[in-house]
Amino acid sequence: MRLRSLGVALATTASLCALPLAASTTASAAETPLSQGKTVTASSQENGGTPAAYAVDGNTATRWSSAATDDQWLQVDLGATASVTQVVLNWEAAYGKDYKVQISQDGGTWTDLKSVTGGDGGLDTLAVSGQGRYVRMLGVHRATPYGYSLWEFQVFGSPSGTQPGCGTANAAQGRPASASSTENAGTPASAAFDGSTSTRWSSQPADPQWLQVDLGSVQDLCKVDLNWEAAYGKDFQIQASADGQSWTTLKSVTGASGGTASYDVSGSGRYVRILGTARGTGYGYSLWEVAVHTGTTGVPPVQGGGDLGPNVIVVDPSTPDLQQKFDDVFAKQESNQFGTGRYQFLLKPGTYNGINAQIGFYTSISGLGLNPDDTQINGDVTVDAGWFNGNATQNFWRSAENLAITPSNGTDRWAVAQAAPFRRIHVKGGLNLAPNGYGWASGGYIADSKIDGTVGPYSQQQWYTRDSSVGGWTNGVWNMTFTGVQGAPATNFDSGPYTTLDATPVSREKPFLYLDGSAYKVFVPAKRTNARGVSWPANAGTSLPLDQFYVVKPGATAATINAALAQGLNLLFTPGVYHLDQTIDVTRANTVVLGLGLATLVPDNGIDALHVADVDGVKLAGFLIDAGPVNSDTLLRIGTPGSTADHSANPTTMQDVFIRIGGAGPGLATNSVVVNSNNTVIDHTWIWRADHGSGVGWDTNRADYGLRVNGNDVLATGLFVEHFNKYDVYWSGERGRTIFFQNEKAYDAPNAAAITHDGIVGYAAYKVADTVNTHEAWGLGSYCNYTADPSIVQAHGFQVPVKSGIKLHDLLVISLGGMGQYAHVVNDTGAPTSGTNTVPSKVVQFP
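A word on the overall build of the chain
Stage number 1. Within the chain, the secondary structure is distributed over three helices and 56 strands.
Stage number 2. Over its C-alpha trace the chain gives a radius of gyration of 29 Å, about what one expects of a compact globule, namely 29 Å for 847 residues.
Stage number 3. By its C-alpha atoms, the chain is 85 × 65 × 45 Å across when sized along the principal axes.
Stage number 4. Looking at the chain as a whole, 60% of its 847 residues qualify as buried.
Stage number 5. By sequence separation, contacts in the chain at least 24 residues apart represent 67% of the contacts at least 6 residues apart.

This is the structure in structure tokens:
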């Protein structure tokens, strides 16, 4: 609860009284705003008693209020295009000092109607001129430490042109229905949608109860007819949803008296439900019939489902010239490190004999079964380094998933570097992680996989394996970390490369596309705690049909993407490069954003690429964000600043989401990834400021920070962050945990002075803020390769406060061939690095 001083309240009242009554001239007192009772959304709400709907309910005793940060908005859907002439904002004591009123036709691309600076609260009556369906208040700066709070947000004007009619057909008739309960077998949910007024649904005599219908696809909703039996609902809501899980209230009804009634609504959804909150009798709720009417009351909704686009190659064992298809893509992508080609191979369940799928840049191969063993390859899935003279340290940006491989010679080769996940694979043999000839290699990541034979990393400098099983593991160079891996070697970090934890504290496997019969679905695995071994074939989780996804294809606009999200659709990015002229805003809990074939998002003109609201259970997976040439503040932001909600039961996850600044051309970003939401799980990311390629230089692709963690109880498993101008990782949230960290400091630091701060030479690769009391990490490595000035001596690789709750296990620093040195490992602890010998300096436990 928020308390305000009486003085503030009286001052606000005085300012209201002092406003000239003549300020409102365009709209008469009796005129009903176009916005009243319409669908409204907001970036946040202060609590359950201040929802967005209260700002358009016509009641000046109820209000919307936001979270206490500047970046907040309130948006109303007028239901159809209108000519807007006036907007009235009736501020509560927490008002906006600087804000914009904006209009949009699609809810994605916004035009400013009015910019207000230096506002003094009270009643703001703004004369405006514009056409659109959506109107919003976009807060820029608050006037108080609280959020933004509006008693009422009123939009006046007139409908534009001829309004489309509302259809007379009943879109709900005969559609699948369900209910919270039924009185008996003779009153099922389906009886309310059978077109007969002599059959009915009735519920148990309790509050609340609901009745729901599936229209089969997302549709524009304009009217709902209710025909109550004697047991009617006194208070109820008419709601819509795109997925049957997250609901938007289209109409709230109180004090109803039963009988038949029609309600005009505005919004879209696939599912419609009547949610009863108070009965009119001592019996349950009972409806003879519910009719749902649809029409085109504005911009048509974005349709879910459809084909997977031109760069998804779907095959089965009988596909002609299958080997040639793999070979053709590999020929294009083998050395195409910074090109625009993107490809996804999808293999239908079955047995594939005698193939060798060589996987190049921006190429992914996945099985379409629900389990890896549904798609059997008697052959190989191969990554080697012939294109780079046997050096595998640049084999980035590719993946394999959800397959079973019986290698042709008994051992499969997967010689990769960063950003090359190997997930949900059953290798019926051994796995070699080194290139042919055992040249240099710098990887990598395995999760939810079963390797029957032995894994040989050989020349791999570091590797992280999670929730898997192996028949054995031989050697390794510097940092081999395991959590929840059956058959993993025992910890020997004092004398060798291994750090082993018996279980992974929190994990949730990456969502994946599969075939259920002939229908595409996305399987979303459930959260696991203290996991050990693979998640399959039990496969706890949920399946989402493809029509609940906007299938994004090259050429799609950010406005359409945001409109799809606003409708409640998830996103499936097909392979391609997507330039964004507005930030993608994910505001709905449990939204899935899944990429195929390393789909790549490029923010243009200095915008941020992707924002996720502080909500439960968003899943981000399988895509690359590539910074644009104009500086972005933050490429990916999870949670709004100041987020405080507990998401432990259903955390947001970020998996195989990669960030790149430079390499494909100049790129600039102050922050790469900022995590504000509590309990977020970061499961395998490579956040990379480029050290080679195009557009590379100390200031040309400047990026100060790789990962900044402000949320509490955030877990990172498989964290690769490299080459940032300042801190690669800066962790200020409490109770953070990292399992495996790989880092290289920026090669191109021009001299020691350029990276000296607070009397310290060099920014730590991994810094825990001085204010933090509890933090723990395992298996951490930082390497320096100061090619621009090899005389640099970095103070340390890791910097943490010395407190009983701060614990670091198994950490090392290395000078790569003597190109710069570290004076210590962590703070002032640990021996300096060893000149040109490339031998680790280790600390097994700190403090």
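Let's pick the thread back up.
Quick word on the pattern of salt bridges
Stage number 1. A complete count under the given rule lists 34 salt bridges for this structure.
Stage number 2. One salt bridge connects Asp220 with Arg133, and the closest N-O pair in it is separated by 3.9 Å. Pair noted here: Asp220 is in strand 10 (residues 209-228) and Arg133 is in strand 6 (residues 123-142), with a separation of 87 residues, a long-range link.
Stage number 3. A relative accessible area of 5% places Asp220 in the buried class.
Stage number 4. Each of the salt bridges in this network shares a partner with another, and the network as a whole consists of Arg423, Arg466, Asp467, Glu509, Arg528, Asp656 and Asp683.

Re the pairing of strand 54 (residues 806-815)
Stage number 1. With nine of its ten residues buried, strand 54 lies for the most part within the structure.
Stage number 2. With nine bridges joining them, strand 52 (residues 775-784) and strand 54 adopt parallel strand pairing. Of the residues in strand 54, the one forming a bridge with Glu776 is Lys807.
Stage number 3. Relative to strand 56 (residues 841-846), strand 54 runs antiparallel, the two being bridged by five bridges. Across the sheet, His809 pairs through a bridge with Gln845, a residue of strand 56.

Some points on the sheet that holds strand 33 (residues 541-545)
Stage number 1. As summarised here, the arrangement of the three strands in space is 30-31-33, forming an open sheet in which the pairing is antiparallel. The open sheet is flanked by strand 30 (512-516) and strand 33, the only strands paired with a single partner. For this sheet, the mean angle separating the axes of adjacent strands, direction not counted, is 40°.
Stage number 2. Examined bridge by bridge, strand 30 and strand 31 (residues 519-525) share five bridges and lie antiparallel to one another. Across the sheet, Leu513 pairs through a bridge with Val522, a residue of strand 31.

Structural notes on empty space enclosed by the protein
Stage number 1. One pass over the structure, following the stated rule, counts three cavities of 30 Å³ or more.
Stage number 2. Taken together, 24 residues line the largest cavity, and the ones lying closest to its centre are Gln344, Ser399, Glu401, Lys510 and Gly595.
Stage number 3. Of all elements in the fold, only strand 16 (343-347), strand 18 (363-367), strand 20 (398-406), strand 30, strand 38 (592-603), strand 40 (619-626) and strand 42 (653-661) reach the threshold of two or more residues within the lining of the largest cavity.
Stage number 4. Looking at the lining of the largest cavity element by element, the count peaks at five residues for strand 38.
Stage number 5. Taken together, the residues of the lining of the largest cavity break down into eleven nonpolar, nine polar and four charged.

Focus on the sheet that holds strand 37 (residues 584-586)
Stage number 1. Read across the open sheet, the nine strands follow the order 37-39-41-43-45-47-51-53-55; overall the sheet is parallel. Two strands bound the open sheet, and with one partner strand each, they are strand 37 and strand 55 (821-826). Averaged over all adjacent pairs, the angle separating strand axes in this sheet is 25°, with direction ignored.
Stage number 2. Across three bridges, the pairing between strand 37 and strand 39 (residues 610-612) is parallel.

A look at helix 3 (residues 558-567)
Side chains of residues three or four places apart in an α-helix project in the same direction, reflecting 3.6 residues per turn.
Stage number 1. Within helix 3, eight of the ten residues are buried, which leaves the element mostly enclosed by the surrounding structure.
Stage number 2. All buried positions along helix 3 are accounted for by Ala558, Ala559, Ile561, Asn562, Ala563, Ala564, Leu565 and Gln567.
Stage number 3. Close packing links the buried residues of helix 3 with strand 10, strand 13 (260-279), strand 34 (549-552), strand 35 (570-573), strand 36 (577-580) and strand 37.

Concerning the state of the cysteines
Stage number 1. In this structure the tally under the stated criterion is one disulfide.
Stage number 2. The side chain of Cys166 participates in a disulfide bridge whose partner is Cys222; the two sulfur atoms lie 1.8 Å from each other. Taking the sign of the torsion about the S-S bond as the criterion, the disulfide between Cys166 and Cys222, at about 80°, is right-handed. Of this pair, Cys166 sits in the loop between strand 7 (149-159) and strand 8 (177-179) while Cys222 sits in strand 10; the two residues are 56 residues apart in sequence, bridging distant segments of the chain.
Stage number 3. Residue class for Cys222 comes out buried when judged on its relative accessible area of 6%.

Observations concerning the environment of Asp327
Stage number 1. For Asp327, the position within the fold is in helix 2 (residues 322-333).
Stage number 2. Asp327 sits in the partly exposed class, given a relative accessible area of 28%.
Stage number 3. Sequence separation between Asp327 and Ala419 is 92 residues; the distance between their C-alpha atoms is 22 Å.

Some thoughts on the nonpolar core
Stage number 1. Judged by nonpolar contacts, the single largest core of 84 residues is most densely connected at Leu571, Phe573, Ile584 and Leu620.
Stage number 2. Per element, the largest residue contribution to this core is five residues, and it comes from helix 3.
Stage number 3. If near-sequence neighbours (up to four positions away) are discounted, Leu620 is found in contact with Val593, Leu610, Val612, Leu636, Ile638, Thr653, Met654, Gln655 and Val657.
Stage number 4. With 37 residues, the next largest nonpolar core counts Val383, Ala400, Ile405 and Val416 among its residues.

Some remarks on the pairing of strand 4 (residues 96-104)
Stage number 1. Across the nine residues of strand 4, seven count as buried, placing the element largely inside the fold.
Stage number 2. Direction of pairing for strand 4 relative to strand 6: antiparallel, over a ladder of eight bridges. Its bridge partner being in strand 6, Val101 is matched across the sheet by Met137.
Stage number 3. Direction of pairing for strand 4 relative to strand 5 (residues 111-116): antiparallel, over a ladder of five bridges. The partner of Gln102 across the bridge, within strand 5, is Asp112.

Let's talk about unusual backbone geometry
Stage number 1. The residue after Trp536, namely Pro537, is reached through a cis peptide bond having omega 10°.
Stage number 2. By the element assignment, Pro537 lies in the loop between strand 32 (527-531) and strand 33.
Stage number 3. In this structure, Pro847 follows Phe846 across a cis peptide bond, with omega equal to -5°.
Stage number 4. You can see Pro847 is positioned in the segment after strand 56.
Stage number 5. The phi dihedral of Trp397 falls on the positive side, at around 55°, and the residue is not glycine.
Stage number 6. Along the chain, Trp397 turns up in the loop between strand 19 (375-382) and strand 20.
Stage number 7. For Trp397, a relative accessible area of 1% puts it in the buried group.
Stage number 8. Not every positive phi belongs to a glycine, and Asp656 is a case in point at roughly 50°.

Rules behind the numbers
- Residues numbered from 1 in each chain as written.
- Predicted model: local features only at pLDDT ≥ 70, side-chain atom pairs only at ≥ 80, totals over all residues.
- Heavy atoms only, no water.
- Helix = DSSP H or I, 4+ residues; strand = E, 2+ residues; numbered from the N terminus.
- Rg over C-alpha atoms; globule rule 2.2 N^0.38 Å.
- Buried < 20%, exposed > 50% of the residue type's maximum accessible area, 1.4 Å probe, protein only.
- Contact = heavy atoms within 4.5 Å.
- Salt bridge = Lys/Arg side-chain N within 4 Å of Asp/Glu carboxyl O.
- Pairing = 2+ DSSP bridges.
- Axes fitted to C-alpha atoms, helices over the stretch in contact; angles between N-to-C directions.
- 1 Å grid on protein atoms, 1.4 Å probe; cavity = no way out; pocket = protein on both sides within 12 Å on 5 of 7 lines; lining within 4 Å.
- Points joined across faces, edges and corners; volume = space filled by probe spheres on them.
- Nonpolar A, V, L, I, M, F, W, Y, C, P; charged D, E, K, R; others polar.
- Disulfide = S-S within 2.5 Å.
- Core = buried A, V, L, I, M, F, W, Y, C linked by side-chain atoms within 4.5 Å.

So yeah, pure geometry; function would need other evidence.
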